[in-house]
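Coordinates in review
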Amino acid sequence: WHEVLALPAYGPLTLTLAPTFAQDGTAFLEQAGRLYRTADFGASWVLVDSGNGQYFRAVQFAPGYDGSLVYAALVSSYAFLDTYKERELRGETDTGERSVGVVVSHDGGSTWTRCAGPPEIDGAPYHQVFSVAVSPTFERDQTLFAYGWGPRSRPDGPLGRRILSQALFRSD
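Below is a short write-up of the structure. All residue numbers refer to position in the chain's written sequence, counted from 1. With pLDDT at 70 or above as the cut-off, local features in this predicted model cover only qualifying residues; side-chain atom pairs require 80 or more to be listed or tallied, and sums for whole chains, interfaces and linings still use all residues. Only hydrogens and water are removed before side-chain values are computed, so all heavy atoms of the structure are retained for them.

Brief notes about the overall build of the protein
We count a stretch as a helix when DSSP gives it H or I for four or more residues in a row; a strand needs E for two or more, and each element gets its number in order from the N terminus. The number of helices and strands found in the protein is three helices and 13 strands. Out of the 172 residues in the protein, the part that is buried amounts to 45%. In the protein, once contacts between residues fewer than 6 apart in sequence are set aside, the share between residues at least 24 apart is 47%. Surface exposure here means Shrake-Rupley accessible area, sampled with a 1.4 Å probe, where a residue is shielded only by the protein chains that are shown. Summed over all atoms, the accessible surface of the protein reaches about 9700 Å², with 55% contributed by carbon and sulfur. Burial status follows relative accessibility: with a 1.4 Å probe on protein chains alone, a residue under 20% of its type maximum counts as buried, one over 50% as exposed, and anything between as partly exposed. Any two residues whose heavy atoms approach within 4.5 Å are treated as being in contact.

Set out below in structure tokens:
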């Protein structure tokens, strides 16, 4: 054993190997919102730039991966479980609206672009996407799943109070 990447001493990590790992050595490692990529069987790792201060939360290779198509979830912050009112009282303004949501790479993770708009319920966007899954039959059905957080009015709370709630979404 020998160290190939020094990591902060906090937070769990997720290692995702490409279906083609045995041939091309491609993998991603996500820890605390940072995403690292290797293309040499883990001998060296490069920090992937998400752009605009976003944090990576999950990475999935598309079935039939040929070195190009990768999906990921991006968020603008990890603080998401409070109500909007509590955040406002503390002077916090980031309630996730800056989060990009689901992104796609057509070059194996070198560059990323947004996949349409964020998932939504009744017109309220669920920007904070924390997980993404790709259908095993993606080549045929183009189906993605995303797990995210977003605003929802709370019927039993004070008038106008909105809370962050969670939902699982399926692409159209």
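Right, picking up where we left off after that structure.
Observations concerning the sheet that holds strand E2 (residues 27-31)
Two strands form a pair only when DSSP identifies at least two bridges running between them. Pairing within the open sheet is antiparallel, and its four strands lie in the order E1-E2-E3-E4. Each edge of the open sheet carries a strand with a single partner, namely strand E1 (13-17) and strand E4 (46-48). Within this sheet the neighbouring strands show an average axis-to-axis angle of 25 degrees, counted without direction. In this sheet, E2 lies alongside E1 in antiparallel orientation, the contact comprising five bridges. Counted as the bridge partner of Thr-16 is Phe-28 from E2. Angles run from 0 to 180 degrees between N-to-C directions of axes, and those axes are lines fitted to C-alpha atoms, restricted for helices to the stretch in contact.

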